[in-house]
Amino acid sequence: MFERVALIGVGLIGSSISLAIRKHDLAQNIVGHTKSSESTRLALELGLADKMYPSPEEAVENADLVILCTPVGTFETIARKIGPKLKQGSILTDVGSVKRFVIDKVVGHIPDNVHFIPSHPLAGTEFSGPESGFAELFENRWCLMTPLKGTDPDKITELSNFWQTLGSKVELMDPNHHDTVLAVTSHVPHLIAYTMVGTADHLHRIRNSEVIQYSAAGFRDFTRIAASDPTMWRDVFLSNKEATLDILGRFTEELFALQRLIRTENGPELFDYFHKTRAIRQGIIEAGQDTASPDFGRSTSTISKTRGKSQEP
Ligand code: NAP
């Protein structure tokens, strides 16, 4: 499909893309760049790239497809460096978890003869780094593409075909809409998980060992999400500030409403509320986004095979 693909960043997403490209034979050559010498060494050792370059601008030279797989806070600096070196007619995409911020920071550095088409594969785990990737990460997961007005439709199709070959279901979306949807489905849930685990940590009445020893399914699920990469999530919240704060405001209102129902011992309304939320869970299962089988974080065979259950950031 492509002669040369350049991956900037070879962590969970970059390494998974590389393994999936190899699995589906989508490129003759994969090259890359990453920040640390340790990840550079691992990328070569694991066969994630045929060649690693010390700078992003060297890595993108002559690449037909360039994919930014670093935290979104790094995109502007990288785009400024690679802009002049991008091959004429090539496609530049990214996997960033926010889209408006990425477009605003990147687009000014990209020459007109390069097709910049932002993407976001809704696929991930709480693991990070080159060793955490696996080729099946994108299978049966959505990939949202947010092309800019005037983008060549053939190039959009080309990139869409690429994601579909990796196993993704592709949807085109407006970038602002993407950010609001993801604030609800991913960003605020992560913030709540971080808060819940932080709250438990601050409860001096309960010793840490007790929190860990007697952790039940709810708390354990929160800790799994709260173990996600700190750099990535810091950047997500700082770059999707407005949508996050909007959804967080609505969440706080709901929380106060529930607080009152508990204080006033309003069992019927609490029951109705939980009944409605259960229906949403059912809808997610029917849409094929999860399975109905009980898990409680104990499916060790899946974890050892894939280094973590698929979770959408
Ligand atoms: P990760 O496992 O932590 O990997 C990040 C990679 O970026 C590492 O290879 C790191 O290099 C490299 N990097 C960081 N700063 C860099 C810089 N200034 N220059 C060059 N390389 C740099 O993170 P990830 O989970 O793959 O996430 C990468 C992107 O995917 C983020 O934009 C995130 O929003 C998006 N995303 C993540 C998920 C998820 O669940 N994790 C899902 C969808 C989209 P070193 O190892 O050398 O330091």
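As the structure is a prediction and not an experimental result, all values here were calculated from the model.

With the rule as written, the count across this model stands at twelve salt bridges. In this structure, lysine 99 and aspartate 94 form a salt bridge, with 2.8 Å as the shortest nitrogen-oxygen distance. No difference in accessibility class separates lysine 99 from aspartate 94, as the two residues are buried. For aspartate 246, the salt bridge goes to arginine 250, with nearest N and O atoms at 3.2 Å. Of this pair, aspartate 246 and arginine 250 both sit in helix H11 (residues 241-263), four residues apart, which is roughly one turn of that helix. A residue is classified by how much of its surface remains accessible, and aspartate 246, at 35% relative accessible area, is partly exposed. Within the structure, one salt-bridge network assembled from shared partners comprises Lys23, Glu136 and Glu139.

Within strand E2 (residues 27-33), five of the seven residues are buried, leaving the element largely enclosed by the surrounding structure. Pairing analysis gives six bridges linking strand E1 (residues 2-8) to E2, with the strands arranged parallel. Each bridged residue has a counterpart across the sheet, and for valine 5 the counterpart in E2 is isoleucine 30. Taken together, E1, helix H1 (residues 12-24) and E2 form a β-α-β motif whose crossover is right-handed.

By size, the foremost hydrophobic cluster in this structure holds 29 residues, and its most contacted members are Ile17, Ile67, Phe138, Phe162 and Trp163. Only E1, H1, E2, strand E4 (65-68), strand E8 (142-145) and helix H6 (153-165) provide two or more residues apiece to this core. Counting residues per element, this core draws most heavily on H1, at five residues. Residues in contact with isoleucine 67, not counting those within four places in the same chain, are Val5, Ala6, Leu7, Ile8, Ile17, Thr93, Val95 and Phe162.

Taken domain by domain, the protein consists of domain 1 (2-173) and domain 2 (177-306). Each of domain 1 and domain 2 has a C-alpha centre, and the two are 29 Å apart. Between domain 1 and domain 2, the contact holds 21 residues from the first and 18 residues from the second. A buried area of about 1,600 Å², summed over both sides, lies between domain 1 and domain 2, and 61% of it is on carbon and sulfur atoms. Summed over the shared surface of domain 1 and domain 2, the number is one salt bridge. Taking the shortest distance from any N to any O, the salt bridge between arginine 224 and glutamate 126 comes out at 3.8 Å. Taken together, the links from domain 1 to domain 2 amount to five residue pairs in polar contact (both at pLDDT 80 or more).

Rules used throughout
Residues numbered from 1 in each chain as written. Predicted model: local features only at pLDDT ≥ 70, side-chain atom pairs only at ≥ 80, totals over all residues. Heavy atoms only, no water. Salt bridge = Lys/Arg side-chain N within 4 Å of Asp/Glu carboxyl O. Buried < 20%, exposed > 50% of the residue type's maximum accessible area, 1.4 Å probe, protein only. Helix = DSSP H or I, 4+ residues; strand = E, 2+ residues; numbered from the N terminus. Pairing = 2+ DSSP bridges. Right-handed = clockwise from strand over helix to strand, strands pointing away. Core = buried A, V, L, I, M, F, W, Y, C linked by side-chain atoms within 4.5 Å. Contact = heavy atoms within 4.5 Å. Domains from an automatic or database assignment. Buried area = accessible area lost by both parts, 1.4 Å probe. Polar contact = N/O pair within 3.5 Å; in protein donor to acceptor, adjacent residues only side chain to side chain.

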